[in-house]
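# Descriptive analysis of the structure
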Amino acid sequence: MAALDLFGRRWALRILWELRAGPLGARALLARCEGLSSSVLYQRIRELTSSGIIAPSADGYELTQLGTALRDALRPLDEWASTWAQEQEHNDQEPTET
């Protein structure tokens, strides 16, 4: 339940998503996460760091081994979400009967 609480916090999963391909600095994370305030970013960074999911690096912040395992565990959810989004787009394009 603690993990769900952490990941359910606003912007936590988005920050992890942005770090999936490699390290990023705080400015890059802010630029990629439109609407994210610097205070919330640094709070989430503290939480994710203290949980062992991300760590500071020479290039900013990066996923730890535990964070990489989480990324891999979430990959099926990402694939499902892509399929779902395509179906939603297809449904939106179908004419509605009146």
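In the nomenclature of an unreviewed UniProt entry, the protein chain is known as Helix-turn-helix transcriptional regulator of Streptomyces coryli.

### Regarding the environment of L13
On the secondary structure map, L13 appears in helix α2 (residues 12-18). Under the relative-accessibility criterion, L13 is labelled partly exposed at 41%. Along the backbone, L13 and R75 are 62 residues apart, and their C-alpha atoms lie at a distance of 13 Å. Not counting the four nearest positions on each side in its chain, L13 is found in contact with F7 and L74.

### Let's talk about the UniProt feature "domain: HTH hxlR-type" (unreviewed entry) in the protein chain
Per the UniProt annotation, the sites labelled "domain: HTH hxlR-type" (unreviewed entry) are residues 1-89. Taken end to end, residues 1-89 has its terminal C-alpha atoms 33 Å apart, with 65% of it in helix and 9% in strand.

### Observations concerning the pairing of strand β2 (residues 60-63)
Where strand β1 (residues 54-57) lies against β2, four bridges are found, and the strand directions are antiparallel. Note on β2: the bridge partner recorded for S57 is G60. Between the end of β1 and the start of β2, which pair antiparallel, lie two residues.

### With respect to helix α5 (residues 65-93)
Compared with the 42 Å implied by 1.5 Å per residue over 29 residues, the 42 Å span of α5 between its first and last C-alpha is a close match. Taken as a whole, α5 carries its principal kink of about 35° at R75; the proline P76 stands between one and four residues after it.

### Observations regarding the packing of aromatic side chains
Across all of its chains, the model carries one aromatic pair by this definition. A cation sits over an aromatic face here: R20 above W17, 3.7 Å from the ring centre.

### Thoughts on a nonpolar patch on the surface
A cluster of nonpolar side chains, namely L13, L74, L77, W80 and W84, defines an oily patch on the protein surface of about 530 Å² accessible area. Looking at which element gives the most residues to the nonpolar patch, the answer is α5, with four residues. One can find L77 in helix α5. Residue L77 is classed as exposed on the basis of its relative accessible area of 52%.

About the thresholds
- Residues numbered from 1 in each chain as written.
- Predicted model: local features only at pLDDT ≥ 70, side-chain atom pairs only at ≥ 80, totals over all residues.
- Heavy atoms only, no water.
- Helix = DSSP H or I, 4+ residues; strand = E, 2+ residues; numbered from the N terminus.
- Buried < 20%, exposed > 50% of the residue type's maximum accessible area, 1.4 Å probe, protein only.
- Contact = heavy atoms within 4.5 Å.
- UniProt positions renumbered as here; feature names shortened; annotations may be inferred.
- Pairing = 2+ DSSP bridges.
- Expected span 1.5 Å × (residues − 1).
- Bend = angle between axes of the 7 residues up to and from the residue.
- Phe/Tyr/Trp six-rings, centres within 6.5 Å; stacked < 30°, edge-to-face > 60°.
- Lys NZ or Arg CZ within 6 Å of the ring centre and 35° of its normal.
- Patch = residues over 30% accessible without salt bridge, like charges linked within 9 Å, V, L, I, M, F, W, Y side chains within 5 Å.
- Areas by Shrake-Rupley, 256 points an atom, 1.4 Å probe, with all protein chains shown as cover.
- Salt bridge = Lys/Arg side-chain N within 4 Å of Asp/Glu carboxyl O.

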